[in-house]
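Remarks on the overall topology
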Amino acid sequence: MSLIVDFAESVVVRGGESEVIGQAPTTIRLLADSSSTGGALSTQRVTLTDGADGARPHHHANAAELFYILDGTAQLLSGDQIVTAQTGDLVVVPPGTAHAFAAAPGLNADILIVITPGVERFEYFRHLERIAHGRVPPESLLGVQELYDTYFHDSAAWNALRPRPGK
C-alpha cells in the first residue's frame, strides 16, 4: 500500500493558533486536518483531566490511529486488550480494530493523536461539541460514521473498565 499525498509545503501550527474545542475535563486542540496535509494525516491534541473519557469504542475502516502520551496516564482499548499508557508511551491501533481512550481514573492525560492516512476530522469534533451543548442529539453521529470513517462499537472489556453513568 502506498500513501499518496499532495502537499508541497510544511504545515506549521503555532500553539496559540490552534482551534480549541471544549474545556476541562475534555479539551481538544485541532492541529492539522487531512486537507492541510494532502491526505497524509490528521492530528489533534486531547487533554483529559480527573479521569475523563476521551472516546468510546469505535474503529476506522481505512486508517490507523496513533496515541502518544505527552503527559499523564491514559487507558486505551485496542481490540479486547486494555493498555495503561504513561508519559512517553506510544500505542498504534491498526485499521479495523476497535479502540477507545480515557484518562486513568482520578488522573490526567495529555495525548497527541495522529490518524493516517488522514481523515477530515475537524468537523467531526465540532459535531461532538454541538452534541455536548445539546444542539444536536447524540444519535446524529450514526448518520455520519462513513463520512468520518468512525464506526461505533460496544465493548464488554471497555464497559467493565469504564462503565457509563446510569448503565
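Now for a quick tour of the structure. (Residues numbered from 1 in each chain as written. Predicted model: local features only at pLDDT ≥ 70, side-chain atom pairs only at ≥ 80, totals over all residues. Heavy atoms only, no water.)

**Some points on a nonpolar patch on the surface**
A grouping of Y68, L70, L90 and V92 is seen on the molecular surface, where their side chains present a nonpolar patch of about 330 Å² in accessible area. With respect to the helices and strands, L70 occurs in strand 5 (residues 64-78). (Patch = residues over 30% accessible without salt bridge, like charges linked within 9 Å, V, L, I, M, F, W, Y side chains within 5 Å. Areas by Shrake-Rupley, 256 points an atom, 1.4 Å probe, with all protein chains shown as cover. Salt bridge = Lys/Arg side-chain N within 4 Å of Asp/Glu carboxyl O. Helix = DSSP H or I, 4+ residues; strand = E, 2+ residues; numbered from the N terminus.)

**A closer look at the side chain of T43**
If you trace the backbone, T43 turns up in strand 3 (residues 42-48). We classify T43 as buried; its relative accessible area is 10%. A polar contact is formed between the side chain of T43 and the backbone oxygen of I113, at a distance of 2.7 Å. Residues within four places of T43 in sequence aside, it is in contact with L30, L31, A32, L112, I113, V114 and F122. (Buried < 20%, exposed > 50% of the residue type's maximum accessible area, 1.4 Å probe, protein only. Polar contact = N/O pair within 3.5 Å; in protein donor to acceptor, adjacent residues only side chain to side chain. Contact = heavy atoms within 4.5 Å.)

**Describing the side chain of T27**
One can find T27 in strand 2 (residues 26-32). At 3.4 Å, the side chain of T27 and the backbone nitrogen of A24 are in polar contact. Excluding residues that lie within four positions of it along the chain, T27 makes contacts with V20, I21, G22, R45, V46 and T47.

**Some details on the pattern of salt bridges**
Taken as a whole, this structure holds 5 salt bridges when the rule is applied. As a salt-bridge pair, D53 and R162 come within 2.8 Å of each other at their nearest N and O atoms. In this pair, D53 sits in strand 4 (residues 53-59) while R162 sits in the segment after helix 2 (156-161), placing the two residues 109 residues apart along the sequence. A relative accessible area of 34% places D53 in the partly exposed class. Judged by its relative accessible area of 9%, R162 is buried. Members of the salt-bridge network, linked through shared partners, are E19, E123, R126 and R130.

**Quick look at unusual backbone geometry**
With omega at 20°, the peptide bond leading from A24 into P25 counts as cis. Looking at where P25 falls in the secondary structure, it is placed in the loop between strand 1 (19-23) and strand 2. In this structure, the amide linkage connecting T116 to the following residue, P117, adopts the cis form with an omega of -10°. By the element assignment, P117 lies in the loop between strand 9 (109-116) and helix 1 (122-132). Positive phi outside glycine occurs at D50, with the angle close to 50°.

**Focus: the nonpolar core**
L48, F67, L76, F101 and I111 are the most contacted members of the largest nonpolar core, which has 26 residues in total. Contributing elements (two or more residues each) for this core: strand 2, strand 3, strand 5, strand 7 (90-93), strand 8 (99-103), strand 9 and helix 1. If sequence neighbours within four positions are ignored, F67 has contacts with L76, D89, L90, V91, V93, H99, F101, I111, L112 and I113. (Core = buried A, V, L, I, M, F, W, Y, C linked by side-chain atoms within 4.5 Å.)

Purely spatial values, then, with no claim about function.
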